[in-house]
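# A closer look at the structure
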Amino acid sequence: MSPPRLVDFHCHLDLYPNPDTAFAEQESAAVYTLAVTTTPRAWPRNKELTHKARYVRAALGLHPQVVAERFHELQLWERYLPDARYVGEVGLDAGPTHHRSLALQRRLFLRILQLCAEVGDRILSVHSVRATSDVLDLLEAHLPPDRGRVVLHWFTGTKADVQRAVAMGCYFSVNAAMLSSERHRVLVAALPGDRLLTETDGPFIKSGQTTRIDQLRRTVEDLALLRSMDAESTAALILANMRRLVSTV
Ligand code: MN
């Protein structure tokens with residue numbers, strides 16, 4: 001039997017110097033990939049690059065870090081939504097550089113959640129830097145679990161936030177950088193096995209010369225170690241989680 005496929009559920013393939021190559025690499029390595037975007041302007045090209053893809057799916061995004069300049073793109077985002085089963089990167093960022101636009105970010109994210117709930121059956125990759133409980137509040141109020149599914153990307157909340165997110169049915173995509181922090185390792189170790197996914201968040205995580213695939217393999221091995229499992233069953237678990245997540249609601 002061949003080893004289970006890898007999953008990269010949050011990667012900015014279109015932000016690599018050569019996006020066409022980046023998309024082709026994920027396909028030829030058979031890595032199940034969610035290609036997130038930061039602006040709906042990138043949607044047509046990303047959709048086109050995944051047109052015949054077997055492993056890569058495009059997500060319709062409007063990143064919280066660009067909301068200050070791009071709030072008006074909500075209209076464009078809304079126009080493409082009927083065509084997009086996957087949504088991301090969306091969410092809130094209350095870090096020092098972006099907290100000034102937080103009120104605007106909240107308005108936008110709230111509207112995105114309402115629209116997703118209206119159309120139903122959407123899968124979201126959600127950013128929550130320094131805004132974990134804020135994000136969970138909005139998700140709880142505006143996206144009922146039977147109207148959409150949520151993957152918390154690079155989630156680093158408190159233990160209570162994690163418990164709350166788990167109770168709300170969220171999944172978690174874990175990357176190599178998260179596992180290099182002792183505090184985050186403790187959080188990840190406590191996540192239920194059936195909610196775990198892996199991601200690279202490429203090209204934002206700098207990892208020297210290693211490829212995305214090497215990073216994913218290392219993340220799986222690290223998760224296996226944290227959970228006292230072997231790497232192969234951990235990879236199989238992540239693949240099964242991804243399949244359950246994307247199956248029709
Ligand atoms: Mn990202």
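Computed from a predicted structure; not experimentally measured.

The helix and strand inventory of the chain stands at 10 helices and 8 strands. Over its C-alpha atoms the chain spans a radius of gyration of 17 Å, differing by no more than 12% from the 18 Å that the globule rule assigns to 249 residues. If you line up the chain on its principal axes, its C-alpha atoms span 45 × 40 × 35 Å. Expressed as a percentage of the 249 residues in the chain, the buried residues total 54%. In the chain, once contacts between residues fewer than 6 apart in sequence are set aside, the share between residues at least 24 apart is 72%.

Our focus in this paragraph is the nonpolar core. With 71 residues, the main nonpolar core has Phe9, Trp77, Phe109, Ile112, Leu139 and Leu152 as its most contacted residues. Considering every element that reaches this core, the biggest residue donor is helix H5 (residues 102–119), with 8 residues. The next biggest cluster of nonpolar side chains, apart from the first, holds 8 residues, and it includes Leu13, Tyr16, Ala53 and Val56.

The next point concerns the coordination of the manganese ion. Every protein donor of the manganese ion is listed here as His10 (NE2), His12 (NE2), Glu89 (OE) and Asp201 (OD), and their distances to the metal cover 2.3 to 2.4 Å. Counting the intervening residues between successive donors of the manganese ion yields the motif H-x1-H-x76-E-x111-D. Residue His10 is found in strand E1 (residues 7–11), and its partner Glu89 is found in strand E4 (residues 86–93); the two are separated by 79 residues along the sequence. Accessibility assignment for this pair places His10 and Glu89 in one class, buried.

Moving on, we come to the sheet that holds strand E3 (residues 56–60). Judged by pairing direction, the sheet is parallel, and its 8 strands sit side by side in the order E1-E2-E3-E4-E5-E6-E7-E8 without closing on themselves. Where the open sheet ends on each side, the last strands, each with one partner, are E1 and strand E8 (196–198). Direction aside, the axes of adjacent strands within the sheet are offset by 30° on average. Strand direction decides the pairing type here: strand E2 (residues 32–35) and E3, joined by 3 bridges, are parallel. In the sheet register, Leu34 faces E3, and the bridge partner there is Arg57. Sheet strands touched by helix H1 (residues 19–28): E1, E2 and E3. Its angle to E3, the strand with the most contacts, is close to 135°.

Before going further, it helps to examine the pairing of strand E5 (residues 122–129). Burial within E5 is extensive, with 7 of its 8 residues counted as buried. As for the winding sense of the linkage, the β-α-β connection from E4 through H5 to E5 is right-handed. Bridging between E5 and strand E6 (residues 148–153) involves 5 bridges; their strand directions are parallel. Following the sheet pairing, Ile123 is matched in E6 by Arg149.

Turning next to unusual backbone geometry. Note that the residue after Gly88, namely Glu89, is joined by a cis bond; omega there is 10°. For the peptide bond that leads from Gly202 to Pro203, omega is -5°, which places it in the cis range. Turning to its location among the elements, Pro203 is positioned in the loop between E8 and helix H9 (212–226). We note that Arg130 has phi near 50°; this positive angle belongs to a residue other than glycine. Along the chain, the position of Arg130 falls in the loop between E5 and helix H6 (132–142). For Asp201, which is not glycine, the phi torsion reads 50° and is therefore positive. For Asp201, the position within the fold is in the loop between E8 and H9.

Here the focus is H5. Between its terminal C-alpha atoms H5 stretches 26 Å, which fits the 26 Å expected from 18 residues at 1.5 Å a residue. The set of residues buried in H5 consists of Leu102, Gln105, Leu108, Phe109, Ile112, Leu113, Leu115, Cys116 and Ala117. Contacts from the buried residues of H5 go to helix H3 (67–70), helix H4 (74–80), E4, E5 and H6. Taken from the residues just after H5, Gly120 is the one with a positive phi, measuring 75°.

Reading the values: the criteria
- Residues numbered from 1 in each chain as written.
- Predicted model: local features only at pLDDT ≥ 70, side-chain atom pairs only at ≥ 80, totals over all residues.
- Heavy atoms only, no water.
- Helix = DSSP H or I, 4+ residues; strand = E, 2+ residues; numbered from the N terminus.
- Rg over C-alpha atoms; globule rule 2.2 N^0.38 Å.
- Buried < 20%, exposed > 50% of the residue type's maximum accessible area, 1.4 Å probe, protein only.
- Contact = heavy atoms within 4.5 Å.
- Core = buried A, V, L, I, M, F, W, Y, C linked by side-chain atoms within 4.5 Å.
- Donors = N, O, S within 2.8 Å, 3.2 Å for Na, K, Ca; no water.
- Pairing = 2+ DSSP bridges.
- Axes fitted to C-alpha atoms, helices over the stretch in contact; angles between N-to-C directions.
- Right-handed = clockwise from strand over helix to strand, strands pointing away.
- Expected span 1.5 Å × (residues − 1).

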